[in-house]
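Below, each chain spelled out in residue letters.
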Amino acid sequence: MARRRFHVFSMSFLDIISCGFGAVVLFFVIINAQVRLRADAERIDLLSESTRLEEEVLEGRKDLLQLRGERDTLDERRATAIEELRKLRERLAALLAELAEYERLGTQSQESVERLRVDVDRLREMQAELEARVAEAEEGTGQRVRGFEGEGARQYLTGMQMGGDRVMILVDASASMLGRTYIDVLRFRLMDEELKPRAPKWVQVVNSVDWITTRLEPQQRFQVYIFGVEHRSILEGTDGEWLSVADGARVGEAIEALRNFAPRGGTSLHAAMRAIRAMQPLPDNVYLLTDGLPTQGASPPSRVGWVDTRARERFFTRAVRDLPSGIPVNVLFYPMDGDPAATGYYWLMASQSRGSFVSVSRDWP
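Reading the values: rules and limits
- Residues numbered from 1 in each chain as written.
- Predicted model: local features only at pLDDT ≥ 70, side-chain atom pairs only at ≥ 80, totals over all residues.
- Heavy atoms only, no water.
- Helix = DSSP H or I, 4+ residues; strand = E, 2+ residues; numbered from the N terminus.
- Buried < 20%, exposed > 50% of the residue type's maximum accessible area, 1.4 Å probe, protein only.
- Areas by Shrake-Rupley, 256 points an atom, 1.4 Å probe, with all protein chains shown as cover.
- Contact = heavy atoms within 4.5 Å.
- Expected span 1.5 Å × (residues − 1).
- Arc of directions from axis to C-beta.
- Salt bridge = Lys/Arg side-chain N within 4 Å of Asp/Glu carboxyl O.
- Patch = residues over 30% accessible without salt bridge, like charges linked within 9 Å, V, L, I, M, F, W, Y side chains within 5 Å.
- Lys, Arg positive; Asp, Glu negative; His and termini not counted.
- Charge placed at Lys NZ, Arg CZ, Asp CG, Glu CD.
- Polar contact = N/O pair within 3.5 Å; in protein donor to acceptor, adjacent residues only side chain to side chain.
- Pairing = 2+ DSSP bridges.

A.B. asks: Mind showing me how you'd approach the overall build of the chain here?
C.D. replies: Summing up its helical and strand segments, the chain has eight helices and seven strands in all. Per-residue burial over the chain gives 35% buried out of 365 residues. Summed over all atoms, the accessible surface of the chain reaches about 22700 Å², with 54% contributed by carbon and sulfur.

A.B. asks: Would you mind showing me how to read the environment of Trp202 here?
C.D. replies: Of note, Trp202 is situated in helix α4 (residues 200-214). Residues Trp202 and Asp172, 30 residues apart in the sequence, show an inter-C-alpha distance of 10.0 Å. With sequence-adjacent residues up to four places away left out, Trp202 is seen in contact with Val171, Asp172, Ala173, Met177, Pro197, Leu258, Arg259, Phe261 and Pro263.

A.B. asks: How should helix α5 (residues 248-259) be read in this particular structure?
C.D. replies: Structurally, the α-helix is built with 3.6 residues per turn, so residues lying three or four positions apart point the same way. Taking 1.5 Å of rise per residue, the 12 residues of α5 would be expected to cover 16 Å, and the 17 Å separating its terminal C-alpha atoms lies within 8% of that figure. Those residues of α5 not exposed but buried are Val251, Ala254, Ile255 and Leu258. Viewed end-on, α5 has its buried residues packed into an arc of 95°, placing them on one side of the element. Looking at the packing, one finds that the buried side of α5 touches β1 (166-172), α4 and β2 (221-227).

A.B. asks: Would you mind going over the pattern of salt bridges with me for this structure?
C.D. replies: It is possible for side chains bearing opposite charge to pair when their charged atoms get close. Summed over all chains, the structure comprises six salt bridges. Close ionic contact of Lys201 with Asp291 constitutes a salt bridge, the shortest N to O distance being 2.7 Å. Residue Lys201 is found in helix α4, and its partner Asp291 is found in the loop between β5 (285-290) and α7 (309-320); the two are separated by 90 residues along the sequence. Taking the relative accessible area as the measure of exposure, Asp291 reaches 3% and is therefore buried. Salt-bridge contacts for Arg250 lead to Glu253; the nearest nitrogen and oxygen are separated by 3.0 Å. You can see Arg250 and its partner Glu253 sitting in helix α5, three residues apart, about one turn around the helix.

A.B. asks: Mind showing me how you'd approach the environment of Val203 here?
C.D. replies: Secondary-structure assignment places Val203 in helix α4. A relative accessible area of 30% means that Val203 is categorised as partly exposed. In this structure the C-alpha to C-alpha distance between Val203 and Asn260, which are 57 residues apart in sequence, comes to 10.0 Å. With sequence-adjacent residues up to four places away left out, Val203 is seen in contact with Pro197 and Arg198.

A.B. asks: Hey, could you run me through a negative patch on the surface in this one?
C.D. replies: A contiguous patch of negative charge on the surface is contributed by Glu54, Glu55, Glu59 and Asp63. Structurally, Asp63 is set in helix α1 (residues 11-105).

A.B. asks: Would you take a moment to explain unusual backbone geometry for this structure?
C.D. replies: Glycine aside, residues mostly have negative phi, and peptide bonds are mostly found in the trans state. For the peptide bond that leads from Gln280 to Pro281, omega is 0°, which places it in the cis range. Looking at where Pro281 falls in the secondary structure, it is placed in the loop between α6 (269-278) and β5. Despite not being glycine, Arg354 shows a phi value in the positive range, around 65°. Among the secondary structure elements, Arg354 is positioned in the loop between α8 (341-352) and β7 (357-359).

A.B. asks: Help me understand the side chain of Ser356 in this model?
C.D. replies: Tracing the chain through its elements places Ser356 in the loop between α8 and β7. Polar side-chain contacts of Ser356 include one of 2.7 Å to the side chain of Asn330.

A.B. asks: Could you clarify how one ought to interpret α6 in this entry?
C.D. replies: With seven of its 10 residues buried, α6 lies for the most part within the structure. Inspection of α6 places Leu269, His270, Ala271, Ala272, Met273, Ala275 and Ile276 among the buried residues, and these make up the whole buried set. Where α6 is buried, its residues contact β1, β2, β3 (231-233), β5, α7 and α8.

A.B. asks: Looking at this structure, I do not really get a positive patch on the surface. What am I missing?
C.D. replies: Taken together, the side chains of Arg310, Arg314, Arg318 and Arg321 present a region of like positive charge at the surface. Structurally, Arg318 can be placed in helix α7.

A.B. asks: How should I be thinking about the pairing of β2 in this particular structure?
C.D. replies: Moving residue by residue along a regular strand, the side chains alternate between the two faces of the sheet. Along β2, six of the seven residues are buried, which leaves the element largely enclosed by surrounding structure. Across seven bridges, β1 lies against β2 in parallel orientation. Each residue of the ladder has a partner; that of Asp172, found in β2, is Phe227. Across two bridges, the pairing between β2 and strand β4 (residues 243-244) is antiparallel. Bridged to Arg221 within β4 is Ser244. The pairing of β2 with β3 spans three bridges and is classified as antiparallel. Residue pairing for β3: Phe227 is matched across the bridge by His231. Taken together, β2 and the strand that follows it, β3, pair antiparallel across an intervening segment of three residues.

So, in structure tokens, the structure goes:
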């Protein structure tokens, strides 16, 4: 029997090779089509996102232009009012001088004098109206006994309730108010007493109190208390006494006394609650400036030692129970490293009392 010879380039072998090559080509065609579809879908998504972002940018630019236009209009109105007020004051001064001269010499008739007095009264009314317009253009409405000069827009604070007939400001004056870290606190505690009031954190706290007092109106009454282990008014001899905001000198004395005070000792929130209850009648708005959970309870500890977080949380919870109901507490919080739980507790305190909570940045006010 003759054996059949094998040829590499026979028709059967070429058929197999052709089928394999065709399968490979078909595989790449399918893959290429899927890649193109996915690329087109992603490109469409990216184009949609890009279009949305461009629309947001355009809307933001429109809002910016509108705000700039409103600001320019307000600046023009303010400048016009100031110029009119200046001219009015000059005219009023001239009329007053003329009236005084006529009355001194007695050379003019009574009718002329009365006419001048009517003009003077009318000019005074216009002056009062222009001064109100200037004050409104500069910053909101209402009178302010004192002013506070901040840096740029940092002097503004939103969300803080500024109302109330009797406003009490409670300032945590414990040693922790000297620094933002435990190392800073230890460093400042070892300094001389006259240097402690210059600690950056304490200076910021005093400036915050200064800012609050400038937002009070003349008809309001106020009191500034410091608390640590004990509590007292920053102005000696005024414990339990409401002071008049209209008396700008008393407000200035309180701020100056606070600037010269050196924080020391531990913190008891019970002392702050006792300070609130000591005021008669009770305050109807409270500002609490602090930096962390209390380190003591209602009474000094029997032994000195480390106070853990759980104990400080208990001190806080028990102290808040002594807060009289119906008094909103607005918390200005100065975060301190190593006390993360304090923020939540003070926020809850402000929320439950229908006050407000502000975590103060380092560059405010």
